[in-house]
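Here's the letter readout for the chains.
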Amino acid sequence: MINVLFAATEQRWSEYEAPLRESFAARDLSVDLRTDFAPEEVDYIVYAPNSPLQDFTPYTRCKAVLNLWAGVEAIVGNQTLTQPLTRMVDHGLSRGMVEWVSGHVLRHHLDIDHYLAHQDGDWAAAHKVPPLAEERGVTILGLGELGRACAEALAQFGFPVTGWSRSQKEIPGITCLSGETGLDEALSGAQILVLLLPLTDETTDLLDAARLAQLPQGAVVLNPGRGPMIVDEALIAALDSGHLRHATLDVFRTEPLPAPHPFWAHPKITVCPHIASETRPRTAAQVIAENVARGEAGRPLKFLVDRSRGY
Ligand code: NAP
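Every value quoted in this text rests on a predicted model; they were computed, and no experiment measured them.

Bringing the domain arrangement of the protein into the picture now. In many analyses, interface size is given as the accessible surface area lost on bringing the parts together. Here the domain parsing of the protein yields domain 1 (2-90 + 279-297) and domain 2 (93-271). Centre-to-centre separation of domain 1 and domain 2, based on C-alpha positions: 33 Å. Contacts between the two partners involve 9 residues from domain 1, matched on the other side by 6 residues from domain 2. Together, Glu73, Val89 and Asp90 form the three largest contributors to the area buried by domain 1 at its contact with domain 2, with a combined 57%. The interface formed by domain 1 and domain 2 contains 1 salt bridge. The partner of glutamate 73 in a salt bridge is arginine 226, with the nearest N and O atoms 2.6 Å apart. On inspection of domain 1 and its partner domain 2, the count reaches 3 residue pairs in polar contact (both at pLDDT 80 or more).

As structure tokens, then:
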């Protein structure tokens, strides 16, 4: 029997229990799946970083911690965690992010807000022909699982897409950049900028006043990555000065975003409550079951986190 501890919130347990049981059964894995075990009896931990479990020291038999989230910044620095750590990469997460990013890019590209603001019978005032996608440069910071999927989807619409990553990539149809000078070029061509980097020491405060100033006049920023990558005050200043047209933000330094935060009331900011892409229980359960099967067969786990890199 393989003992799998589910360590996340109670709500997640109600969503994940049945899909996990089905996925383990589909792989003929004899799993005892529970929310409580004596720590020394646990073989795997299915984990969400907002779980009360923060000390991994007593889990002496545990072969891996399988994170339910794509982002690992809240667990990667945990000194008690010595077991291998995997993160979530799954079909539902990627497709959700592609849909969210595509929708918000098209909102700003087509300037849908302009027509919503001109519904008063004045045809001439409403009349504004949007440019073609091929005339609008889109840059995505981060070309990992999510950034690459979004880049490829946006390229299908005809946007000239530039992507920036730590290691140099080659993706057909995408201008791939890396390094400091690559970032300069990526920002200077970004009429719409999408942040899909992980939160690490290197990406914290990445978009400060100087970097925001590198964006073209009238640029739009979409942040479905992590809040601390943008310096809040610098973003507000760039919007207030008219340098930036709009920012659509899904993630924040403090979540839930407190009601008095100036982002809520800012006319050029759209706040989304961290919904850009949720881990979907049905597909995520299959990823978890596959990794348990791999662990039991002595095969390498998929989506291992490199703790020295922080993602
Ligand atoms: P990923 O596969 O690990 O990709 C990360 C990308 O960022 C990689 O291309 C990586 O470069 C690049 N990168 C990392 N550090 C960098 C640096 N210092 N400079 C330049 N590039 C750097 O991650 P993912 O699955 O695409 O997810 C990205 C992030 O999205 C997650 O970490 C999470 O924070 C966020 N997310 C948000 C939601 C939401 O609902 N809002 C949902 C899921 C995920 P290399 O390719 O060279 O390694």
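A few words on the site of the ligand. Neighbouring residues of the ligand: 30 residues in total, closest Arg87, Ser167, Lys169, Pro224 and Tyr311. Take arginine 87: an N or O atom from its side chain is 2.7 Å from an oxygen atom of the ligand. Measuring from an oxygen atom of the ligand, one finds a side-chain N or O atom of arginine 226 at 3.4 Å. Listed by contribution, the elements that provide at least two residues to the shell around the ligand are α5 (145-157) and β7 (161-165). Of the residues forming the shell around the ligand, the biggest block, 3 residues, is contributed by α5.

Turning our attention to the sheet that holds strand β4 (residues 64-67). The strand order across the open sheet built from 5 strands is β2-β1-β3-β4-β5, with neighbouring strands paired in parallel fashion. Two strands lie at the open edges of the sheet, namely β2 (31-34) and β5 (85-86), each paired on one side alone. Of the pairings in the sheet, the one linking strand β3 (residues 44-47) to β4 comprises 4 bridges and is parallel in character. Of the residues in β4, the one forming a bridge with tyrosine 47 is asparagine 67. Helix-sheet contacts for helix α1 (residues 10-26) involve β1 (2-7) and β2, and the interaxial angle to β2 is about 175°. The strands touched by helix α10 (residues 281-297) within the sheet are β1, β3, β4 and β5, with β3 carrying the most contacts at an inclination of about 160°.

Before going further, it helps to spend a moment on the nonpolar core. Counting 33 residues, the largest nonpolar core has Leu141, Leu193, Leu215, Leu235, Leu244 and Phe263 as the members making the most contacts within it. Secondary structure elements with two or more residues in this core: α6 (179-188), β9 (192-195), β10 (219-223), α8 (232-240), β11 (244-249) and β12 (269-271). Residues contacting leucine 244, with those up to four places away along its chain left out, are Leu212, Leu215, Ala219, Val221, Leu235, Ala238, Leu239 and Lys268.

Reading guide: rules and limits
Going along each chain's sequence as written, the residues are numbered from 1 onward. Whole-chain, interface and lining totals are the exception, using all residues; otherwise, since this is a predicted model, local features are given only for residues with pLDDT of at least 70 and side-chain atom pairs are given and counted only at 80 or more. Values reported for side chains reflect all heavy atoms of the structure, with hydrogen atoms and water molecules removed beforehand. An automatic or database domain assignment supplies the residue ranges for each domain. By definition in these notes, contact holds between two residues if any of their heavy atoms fall within 4.5 Å. Once two parts are brought into contact, the accessible area they lose, counted with a 1.4 Å probe and summed over both, makes up the buried area. Between Lys or Arg on one side and Asp or Glu on the other, a salt bridge is scored when a side-chain nitrogen of the former is within 4 Å of a carboxyl oxygen of the latter. Any N or O atom pair separated by 3.5 Å or less is treated as a polar contact, with the protein-specific requirement of one donor-capable and one acceptor-capable atom, and with residues adjacent in sequence counted only for side-chain atom pairs. Distances are taken per atom, and a residue is near a molecule or strand as soon as one of its heavy atoms is within 4 Å of it. Numbering goes from the N terminus for both helices and strands, where a helix is a DSSP run of H or I of at least four residues and a strand is a run of E of at least two. Only strands joined by at least two bridges in the DSSP assignment are considered to pair. To obtain each axis, a line is fitted to C-alpha atoms, and for helices this fit is confined to the stretch in contact; angles are then taken between N-to-C directions over 0 to 180 degrees. In plain words, nonpolar cores are sets of buried Ala, Val, Leu, Ile, Met, Phe, Trp, Tyr and Cys residues tied together by side-chain atoms within 4.5 Å. Only protein chains enter the calculation, and the probe is 1.4 Å; a residue is then buried if its accessible area is under 20% of its type maximum, exposed if over 50%, and partly exposed in between.

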